[in-house]
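An overview of the molecular structure
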Amino acid sequence: METLFYVVPGLMVCGALCALVVVTRRAGEIRRAWRGGPTAEARCLRVHLASGGGQTSAASHHVYEFSTPEGRVVRFTEHGGPLTTVEGDIVTVRYPAGRPERATAHAPASGRLLAEQGCLCAFLGVFIAVCLAFMGVAHLAFAAAGDVLP
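The shown structure was predicted, so the numbers you read here are calculated from the model rather than taken from an experiment.

Turning our attention to the side chain of T85. Among the secondary structure elements, T85 is positioned in the loop between β3 (73-79) and β4 (90-94). A relative accessible area of 9% means that T85 is categorised as buried. Ignoring any residue separated from it by four or fewer positions in sequence, one finds T85 in contact with C44, V47, H62, Y64 and V91.

Moving on, we come to the pattern of salt bridges. One pass over the full model with this rule turns up seven salt bridges. For the salt bridge of R26 with E29, the shortest nitrogen-to-oxygen distance reads 3.5 Å. One end of the pair, R26, and the other, E29, are both in helix α1 (residues 4-34), three residues apart, so they sit about a helical turn from each other. On the basis of relative accessible area, E29 is assigned to the buried category, the value being 4%. Residue E101 pairs with R72 through a salt bridge whose shortest N-O separation is 3.5 Å. Residue E101 is found in the loop between β4 and α2 (110-148), and its partner R72 is found in the loop between β2 (58-67) and β3; the two are separated by 29 residues along the sequence. A cluster of three or more residues bridged by salt bridges with shared partners is formed by R26, E29, R72, R99, E101 and R102.

Attention now goes to the nonpolar core. Judged by nonpolar contacts, A40, A42, C44, Y64, F66, V74, F76, V91, V93, Y95, A103 and A105 together constitute the single largest core of 12 residues. Every element with two or more residues in this core is listed here: β1 (39-51), β2, β3 and β4. If one sorts the elements of this core by residue count, β1 sits on top with three residues. Discounting residues that sit within four places of it in the chain, F76 has contacts with H62, V63, Y64, F66, V93, E101, A103, T104 and A105. In this structure, V13, L20, L124 and I128 belong to the second largest nonpolar core, which totals six residues.

Okay, the packing of aromatic side chains next. Tallying each qualifying case throughout the model produces five aromatic pairs. By way of ring pairs, the aromatic residues Y64, F66, F76 and Y95 are connected into one cluster.

What follows concerns α1. Helix length check: α1, at 31 residues, gives a terminal C-alpha distance of 45 Å against a target of 45 Å (1.5 Å per residue), a fit within 8%. Those residues of α1 lying buried are P9, V13, A16, L20, V23, A27, G28, E29, I30, A33 and W34. A positive phi of about 145 degrees marks G36, the residue just after α1.

This part is about the environment of F127. Positionally, F127 belongs in helix α2. Of the residues examined, F127 reaches a relative accessible area of 29% and is grouped as partly exposed. Put simply, F127 and M12 are 115 residues apart on the chain and 8.8 Å apart in space, counted from C-alpha to C-alpha. With sequence-adjacent residues up to four places away left out, F127 is seen in contact with M12 and A16.

So, how was this worked out
Residues numbered from 1 in each chain as written. Predicted model: local features only at pLDDT ≥ 70, side-chain atom pairs only at ≥ 80, totals over all residues. Heavy atoms only, no water. Helix = DSSP H or I, 4+ residues; strand = E, 2+ residues; numbered from the N terminus. Buried < 20%, exposed > 50% of the residue type's maximum accessible area, 1.4 Å probe, protein only. Contact = heavy atoms within 4.5 Å. Salt bridge = Lys/Arg side-chain N within 4 Å of Asp/Glu carboxyl O. Core = buried A, V, L, I, M, F, W, Y, C linked by side-chain atoms within 4.5 Å. Phe/Tyr/Trp six-rings, centres within 6.5 Å; stacked < 30°, edge-to-face > 60°. Expected span 1.5 Å × (residues − 1).

What follows is the structure, given as structure tokens:
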């Protein structure tokens, strides 16, 4: 039973560390695309609006398709795009060199990307710290209980 108090928070820490890696990697890809990656004209194929239960705001999900200079057709979905982009619109996409499947239609906004990445990393850092503190408190509690119980 005692191991449950170590395993579950440990798995949660591993999940948060994986999320940190994914966030950092994706932010780097977007930064490289904005700083000089190839551009292409893409057509918006589909727009999905997802709203949370009872919320007044909606999150948009766009599906884009474009062709690379080599003739490869690439289709990708991007979350959080502008609500003014509708099906059939032509937008400029940027992608890291050699990685067209990692394209973005977001306009360059390095400050915003850095702020979003920083906030998410701070949240995950606090989450990891809370999990580790919980494990430490559980360890102390079990150690104290071991001294009291026969």
